[in-house]
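Residues per chain are reported as follows:
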Amino acid sequence: MTASGGFGWFRVEPMDLRVAAYAVVVDDADRLLLAHWNEGRRAAWTLPGGGLEPGEDPASAARREVREETGFDVELDELLGINSRVIPGNRRITPGATEPLHTLQIVYRAHITGGTLRHEIGGSTDRAGWFALSEVGQLQHVRLVDVALGLAGLTDEGPSLAAASG
């Protein structure tokens, strides 16, 4: 190890890590279930999901987050993929955060098994709703929605390695 904290030519920079799990839920009417994220400096529609609790299994986290944010119970059908993205420190929304953030977003396909639509109270989302797949592009939404729809084969483009990597 060199004095600068790296190994030869490779230098390890300080970086925060966030691992989260999300669900792509589409009903029989080709509507996508979304949650309205309202935190920090930005508000936008996103997939229901969120960060893992310490020691929590990603599949359990996806089911828990869907229930918390939408009121629905889901069964996970398949793992669609993992989106890896690094957010520069100057683009972080967390007050006081200066280090880059490496996000690993684990995306599942799921279907509803119970519950009724309701809005989360006191969380990072403030409402949930169903949207026709054809209307999603016109919504103010986070990039993860596009990546996940591609991974699920629900866009004309299909899966995109470039989009999924950052």
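Residues numbered from 1 in each chain as written. Predicted model: local features only at pLDDT ≥ 70, side-chain atom pairs only at ≥ 80, totals over all residues. Heavy atoms only, no water.

1. As for the side chain of E56
- As for its placement among the helices and strands, E56 is situated in the loop between β6 (49–51) and α1 (58–70).
- The buried category is assigned to E56, whose relative accessible area is 17%.
- Sequence-distant contacts of E56, that is, excluding residues within four places in its chain, are made with G51, A61 and R64. (Helix = DSSP H or I, 4+ residues; strand = E, 2+ residues; numbered from the N terminus. Buried < 20%, exposed > 50% of the residue type's maximum accessible area, 1.4 Å probe, protein only. Contact = heavy atoms within 4.5 Å.)

2. Examining the nonpolar core
- Of all hydrophobic cores here, the largest spans 21 residues; its most connected members are V24, L32, L34, L47, V107 and V145.
- Listed by contribution, the elements that provide at least two residues to this core are β3 (16–25), β4 (31–39), β5 (42–46) and α2 (143–151).
- Excluding residues that lie within four positions of it along the chain, L47 makes contacts with Y22, A23, V24, L32, L34, E69, V107, L144, V145 and A148.
- Counting residues in each nonpolar core, the second largest holds 15 residues, with L33, A61, A110 and W130 among its members. (Core = buried A, V, L, I, M, F, W, Y, C linked by side-chain atoms within 4.5 Å.)

3. Re α1
- Across its 13 residues, α1 extends 18 Å between first and last C-alpha, which sits within 8% of the 18 Å expected from 1.5 Å per residue.
- When we look at burial in α1, the residues that qualify are A59, A61, A62, R64, E65, V66, E69 and T70.
- In the core, the buried residues of α1 are packed alongside β3, β4, β6, β7 (72–87), β8 (101–115) and β9 (125–132).
- In this structure D57 caps α1, since a side-chain oxygen of it lies 3.0 Å from the backbone nitrogen of A59.
- Directly after α1, the chain includes G71, whose backbone phi takes a positive value near 90 degrees. (Expected span 1.5 Å × (residues − 1). Polar contact = N/O pair within 3.5 Å; in protein donor to acceptor, adjacent residues only side chain to side chain.)

4. Thoughts on the side chain of H36
- Topologically, H36 is positioned in strand β4.
- One polar contact links H36 to D126, side chain to side chain, over a distance of 2.8 Å.
- Excluding residues within four positions of it along the chain, H36 makes contact with A43, A44, W45, S124, T125, D126 and R127.

5. Remarks on unusual backbone geometry
- Backbone geometry places D30, a non-glycine residue, at a positive phi of 60 degrees.
- Considering the arrangement of structural elements, one finds D30 in the loop between β3 and β4.
- Classification of D30 by relative accessible area gives partly exposed; the value is 48%.

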